[in-house]
Amino acid sequence: MSKEIKGLLGTKLGMTQLWDENNKVIPVTVILADTNVVTQIRTEDKDGYTAIQLGFGAVKAKSVNKPEAGHFAKADVTPRKHLVELRTSNASDYTLGQEIGVDIFAGGETVDVTGVTKGKGTAGVMKRHGFGGLRATHGVHRKHRSPGSIGACATPARVFKGTRMAGRMGVDKVTVQNLTVHSVDTDKGLILVKGSVPGPKGALLVVRNAQKGA
């Protein structure tokens, strides 16, 4: 059974720092999460589950194809760049075209933030997996950052799947759980979250109420 989920799509603007009443520095991530609209409502009778689809980021009408244009016209909203579906048990409480603002969250509330991590390109095992590398003493060829042995020779005569090796690093979907909302600026559509969240500046983020508790 799905829970009551509330959430927003937003853009990561970057990090800054604030001070609390005890003059202690608090690192915060600034998320711009204005102009979220409900573009579709899923129902148990029609779709087999209940959910809402959120649209975020205004885009020119010429940038969407005819099926997408019809989808937005049915909801009576202007075209949006990003669409994300949130499964929630109270989908019937929402209406098509409804605008959702940052005021659904408040300071002190815990949230889960989902984003795509920064891409690092092809990385070696030391950077990608934290390997220690080979010895930096006499007798070692210029292979100090190499992984070493990746398996036996005759038995099993192959490299096991999942062996940690060099390869593409980053661009992974990651959810950081139980972050605390420091404050909300309803006028500017900003959410200030304590700590860091995945992705570079300008990355798309999904902010939802925490599901596992603090």
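Here the structure is shown first, and the text comes after it.
Described in the following lines is the structure provided in the data block. Numbering of residues starts from 1 in each chain and follows the order in which that chain's sequence is written. Local features in this predicted model are restricted to residues of pLDDT 70 or higher, and side-chain atom pairs are both shown and tallied only at a pLDDT of 80 or more, whereas totals for entire chains, interfaces and linings draw on every residue. Side-chain figures throughout are based on the complete set of non-hydrogen atoms in the structure, without hydrogens or water.

Within the largest apolar cluster, 24 residues are counted, with the highest numbers of intra-cluster contacts made by Leu-8, Leu-54, Val-111, Val-113 and Ile-191. Broken down by secondary-structure element, the contributors of at least two residues to this core are strand 1 (7-19), strand 4 (51-58), strand 7 (110-116), strand 10 (173-185), strand 11 (190-194) and strand 12 (204-209). Residues contacting Leu-54, with those up to four places away along its chain left out, are Gly-7, Leu-8, Leu-9, Asn-36, Val-37, Val-38, Thr-39, His-82, Leu-83, Val-84, Leu-86 and Ile-100. We define a nonpolar core as any set of buried Ala, Val, Leu, Ile, Met, Phe, Trp, Tyr and Cys residues linked to one another through side-chain atoms lying within 4.5 Å. Think of it in three bands: residues with accessible area under 20% of the maximum for their type are buried, residues over 50% are exposed, and the middle band is partly exposed, with areas taken using a 1.4 Å probe on protein chains only. A run of H or I in DSSP becomes a helix once it reaches four residues, and a run of E becomes a strand once it reaches two; helices and strands are each numbered from the N terminus. For this analysis, residues touch if any pair of their heavy atoms sits within 4.5 Å.

This next bit is on unusual backbone geometry. The omega torsion of the bond from Thr-155 to Pro-156 falls at 10°, within 30 degrees of zero and hence cis. Along the chain, Pro-156 falls in the loop between helix 3 (125-129) and strand 9 (167-169). Its identity as a non-glycine residue notwithstanding, Asn-23 has a phi of 60°, on the positive side. Of note, Asn-23 is situated in the loop between strand 1 and strand 2 (25-32). Its relative accessible area of 61% is what places Asn-23 among the exposed residues.

On to the layout of surface pockets, then. The way it works is a 1 Å grid over only the protein atoms, where trapped points that fit a 1.4 Å probe form a cavity and open points with protein on both sides within 12 Å along at least five of seven lines form a pocket, and then any residue with an atom within 4 Å of a point lines it. Grid points are joined across faces, edges and corners, and a volume is the space filled by probe spheres set on the points. The space that makes up the largest pocket amounts to roughly 270 Å³. In terms of lining residues, the largest pocket is bounded by 15 residues, among which Val-84, Thr-114, Lys-173, Val-206 and Arg-208 are the most central. Of all elements in the fold, only strand 5 (80-87), strand 7 and strand 12 reach the threshold of two or more residues within the lining of the largest pocket. Each residue is assigned to one class: nonpolar for Ala, Val, Leu, Ile, Met, Phe, Trp, Tyr, Cys and Pro, charged for Asp, Glu, Lys and Arg, and polar for all the others, Gly among them. When its residues are assigned to classes, the lining of the largest pocket shows 7 nonpolar, 3 polar and 5 charged. Volume-wise, the second largest pocket comes out at about 170 Å³. Thr-39, Gln-40, Ile-41, Arg-42, Lys-46, Asp-47, His-71, Lys-74, Ala-75 and Leu-96 together form the lining of the second largest pocket.

Whenever Lys or Arg places a side-chain nitrogen within 4 Å of a carboxyl oxygen from Asp or Glu, that contact is recorded as a salt bridge. The final tally for this structure, using the stated rule, is 3 salt bridges. Between Asp-47 and Arg-42 there is a salt bridge whose closest N-O contact spans 3.2 Å. For Asp-47, a relative accessible area of 26% puts it in the partly exposed group. Overall, Arg-42 belongs to the partly exposed group, its relative accessible area being 21%. Note that Arg-42 and Glu-85 form a salt bridge whose closest N and O atoms lie 3.0 Å from each other. Of this pair, Arg-42 sits in strand 3 (residues 36-42) while Glu-85 sits in strand 5, placing them 43 residues apart in sequence. One salt-bridge network, held together by shared partners, links Arg-42, Asp-47 and Glu-85.

So, about the packing of aromatic side chains. Here the aromatic set is Phe, Tyr and Trp, taking the six-membered ring for Trp, and pairing holds for ring centres within 6.5 Å; pairs whose planes are under 30 degrees apart are stacked, those over 60 apart are edge-to-face, and all others are tilted. Under the counting rule described, the total for this entry stands at 0 aromatic pairs. Taking the ring centre of Tyr-49 as reference, the NZ or CZ of Arg-87 above it sits at 4.0 Å. Here, a charge over a ring is recorded when the distance from Lys NZ or Arg CZ to the ring centre is within 6 Å and its angle to the ring normal is within 35 degrees.

Looking now at the sheet that holds strand 12. With respect to topology, 6 strands assemble into a closed barrel ordered 1-2-11-10-7-12, the strand pairing being antiparallel. Here the average twist between neighbouring strands, direction ignored, is 50°. DSSP bridges decide pairing: two strands pair if at least two such bridges lie between them. Bridge count for strand 10 against strand 11 is 4 bridges, and the pairing is antiparallel. Each residue of the ladder has a partner; that of Val-184, found in strand 11, is Ile-191. Lines fitted to C-alpha atoms define the axes, with helix axes restricted to the stretch in contact, and inter-axis angles between N-to-C directions lie between 0 and 180 degrees.

Right, let's get into the sheet that holds strand 3. Taken in spatial order, the 4 strands of this open sheet run 5-4-3-6, and their pairing is antiparallel. The open sheet has two edge strands with one neighbour each: strand 5 and strand 6 (99-100). Inspection of the sheet shows strand 3 paired to strand 6 by 2 bridges, in the antiparallel sense. Looking across to strand 6, one finds that Val-37 is bridged to Glu-99.

Put simply, Asn-65 is the residue that caps the front of helix 2 (residues 66-75), since its side-chain oxygen is 2.9 Å from the backbone nitrogen of Glu-68. After helix 2 finishes, the residue Asp-76 shows a positive phi value of roughly 60°. Under the rule applied, a polar contact is a pair of N or O atoms within 3.5 Å (in protein, one hydrogen donor and one hydrogen acceptor; residues adjacent in sequence only if both atoms are side-chain atoms).

The subject of this paragraph is the pairing of strand 12. Strand direction decides the pairing type here: strand 1 and strand 12, joined by 5 bridges, are antiparallel. Across the sheet, residue Gly-7 finds its bridge partner in strand 12, namely Arg-208. As paired strands, strand 7 and strand 12 are joined by 4 bridges and run antiparallel to one another. When the bridges of strand 12 are listed, Val-111 appears paired with Asn-209.

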